[in-house]
Amino acid sequence: MPDRTAQMIEYIVNEIIRRPGTRIDETTPLVSSGLIDSLTLLDILQKLEDITNTRLPVGKIQAKDMDTVASMFSAAERFGLPRK
């Protein structure tokens, strides 16, 4: 698992989900399973921007793009703009 994937998983488990013993991987459904809610998506999006060193246009990102860690990084690759 690449370092950035591990960083995102660690952030989601420790800062967003905060349930001891919860394990996720890059393909675990997060939004559709109810592990995270829509209110936390902006926090996760900001962390994704930090990890990928990009700016992500909020208007182009949909909940389905944030459902798994793998889909988050895919969306960052598709929509991310380099930070200046």
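Conventions and cut-offs
- Residues numbered from 1 in each chain as written.
- Predicted model: local features only at pLDDT ≥ 70, side-chain atom pairs only at ≥ 80, totals over all residues.
- Heavy atoms only, no water.
- Helix = DSSP H or I, 4+ residues; strand = E, 2+ residues; numbered from the N terminus.
- Rg over C-alpha atoms; globule rule 2.2 N^0.38 Å.
- Buried < 20%, exposed > 50% of the residue type's maximum accessible area, 1.4 Å probe, protein only.
- Contact = heavy atoms within 4.5 Å.
- Areas by Shrake-Rupley, 256 points an atom, 1.4 Å probe, with all protein chains shown as cover.
- Polar contact = N/O pair within 3.5 Å; in protein donor to acceptor, adjacent residues only side chain to side chain.

Novice: I'd like a description of the overall build of the protein chain, backed by residues and values.
Specialist: Counting its regular elements, the protein chain contains three helices and two strands. Its helices and strands taken in sequence order, the protein chain reads α-α-β-α-β from the N to the C terminus. For the protein chain, whose C-alpha radius of gyration is 12 Å, the value lies close to the compact-globule estimate of 12 Å for 84 residues. With the C-alpha coordinates of the protein chain rotated into their principal frame, the extents come out at 40 × 25 × 20 Å. In the protein chain, buried positions account for 42% of the 84 residues. In the protein chain, once contacts between residues fewer than 6 apart in sequence are set aside, the share between residues at least 24 apart is 56%. Carbon and sulfur atoms make up 49% of the accessible area of the protein chain, which totals about 5300 Å².

Novice: A description of the side chain of Ser-71 should follow, citing residues and the corresponding values.
Specialist: Inspection of the secondary structure puts Ser-71 in helix 3 (residues 69-79). Only 3.2 Å separates the side chain of Ser-71 from the backbone oxygen of Asp-65, close enough to count as a polar contact. Reaching out from Ser-71, the side chain makes a polar contact with the backbone oxygen of Thr-68 at a distance of 2.9 Å. Ignoring sequence-local partners within four residues, the contact set of Ser-71 consists of Lys-64, Asp-65 and Met-66.

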